[in-house]
Amino acid sequence: MAKSQQLQIRVTDDEKAQIQQRAALAGMDVSKWVLMQVLPPAAERFQAICTALAANPGNRAYALADLNDFLSSLNGKVLAEAVREPPQVQLSPFEANYVAAMIAHVATLRSVAAPRWVHDIEPLDEPW
């Protein structure tokens, strides 16, 4: 898709220098680096949510709500791309099943196939 819009923000000299430095360290121009910070690729966002879920079980409801909002916002093509790879963190059996069920549900709604790894999740010993 052709880029036809501009976004301008006001920053201090120090903020601009920091942004330029971080972009250079990432090997990107400033525009691309800022976009990656604000709109990370869907697969990275999925992994970040899974990491948050694994890191703080006490906030499970918040992480799962965040995942629901995220998955629900994606069209079929982006959904398939976002969840192509399984979570890169170790989720509890409950969390792994919950995430897999959420993905399978949204995939059905978007008329795309859920990734194979979703079907490979071991079911819980007892239904929840």
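Residues numbered from 1 in each chain as written. Predicted model: local features only at pLDDT ≥ 70, side-chain atom pairs only at ≥ 80, totals over all residues. Heavy atoms only, no water.

S.K.: Quick rundown of the environment of Leu64? Include the residues and the values.
M.R.: Take Leu64: it is sitting in helix H4 (residues 60-72). The exposure class of Leu64 is buried, given its relative accessible area of 9%. When the C-alpha positions of Leu64 and Ala52 are compared, they lie 9.6 Å apart, and in sequence the two are twelve residues distant. Once residues lying within four places of it in the same chain are set aside, the contact partners of Leu64 are Leu53, Tyr98, Val99 and Met102. (Helix = DSSP H or I, 4+ residues; strand = E, 2+ residues; numbered from the N terminus. Buried < 20%, exposed > 50% of the residue type's maximum accessible area, 1.4 Å probe, protein only. Contact = heavy atoms within 4.5 Å.)

S.K.: For H4, give the residues involved together with the corresponding values.
M.R.: A rise of 1.5 Å per residue sets the reference length of H4, with its 13 residues, at 18 Å; its end C-alpha atoms lie 18 Å apart and thus fit the reference within 8%. For H4, the full list of buried residues reads Ala63, Leu64, Leu67, Phe70 and Leu71. Seen along its axis, H4 keeps its buried residues to an arc of 120 degrees; they face one direction. In H4, the exposed positions that point more than 90 degrees away from the buried face belong to Ala61, Tyr62 and Asp69. (Expected span 1.5 Å × (residues − 1). Arc of directions from axis to C-beta.)

S.K.: Give a detailed account of the pattern of salt bridges, specifying residues and quantitative values.
M.R.: Using the criterion set out here, one finds three salt bridges in the structure. The salt bridge partner of Asp66 is Arg45, with a shortest N-O separation of 2.9 Å. Remark: Arg45 occurs in helix H3 (residues 42-55) and Asp66 occurs in helix H4; sequence separation between them is 21 residues. Among the residues examined, Arg45 registers a relative accessible area of 29% and is labelled partly exposed. One salt bridge connects Arg116 with Asp120, and the closest N-O pair in it is separated by 3.4 Å. (Salt bridge = Lys/Arg side-chain N within 4 Å of Asp/Glu carboxyl O.)

S.K.: Which residues make up the confidence of the model for the protein, and what values go with them?
M.R.: Confidence along the protein averages 93 in pLDDT terms, with 100% of residues attaining 70 or more. The least confident element of the protein, judged by mean pLDDT, is helix H2 (residues 30-38) at 87; the most confident is helix H6 (residues 93-109) at 97. (pLDDT = per-residue confidence, 0-100.)

S.K.: Go over a nonpolar patch on the surface with me, naming the residues and quoting the values.
M.R.: Judged by side-chain polarity, Val30, Val34, Leu35, Val38 and Leu39 come together as a nonpolar surface patch covering roughly 410 Å² of accessible area. For Val34, the position within the fold is in helix H2. In this structure Val34 comes out as partly exposed when scored by relative accessible area, which is 30%. (Patch = residues over 30% accessible without salt bridge, like charges linked within 9 Å, V, L, I, M, F, W, Y side chains within 5 Å. Areas by Shrake-Rupley, 256 points an atom, 1.4 Å probe, with all protein chains shown as cover.)

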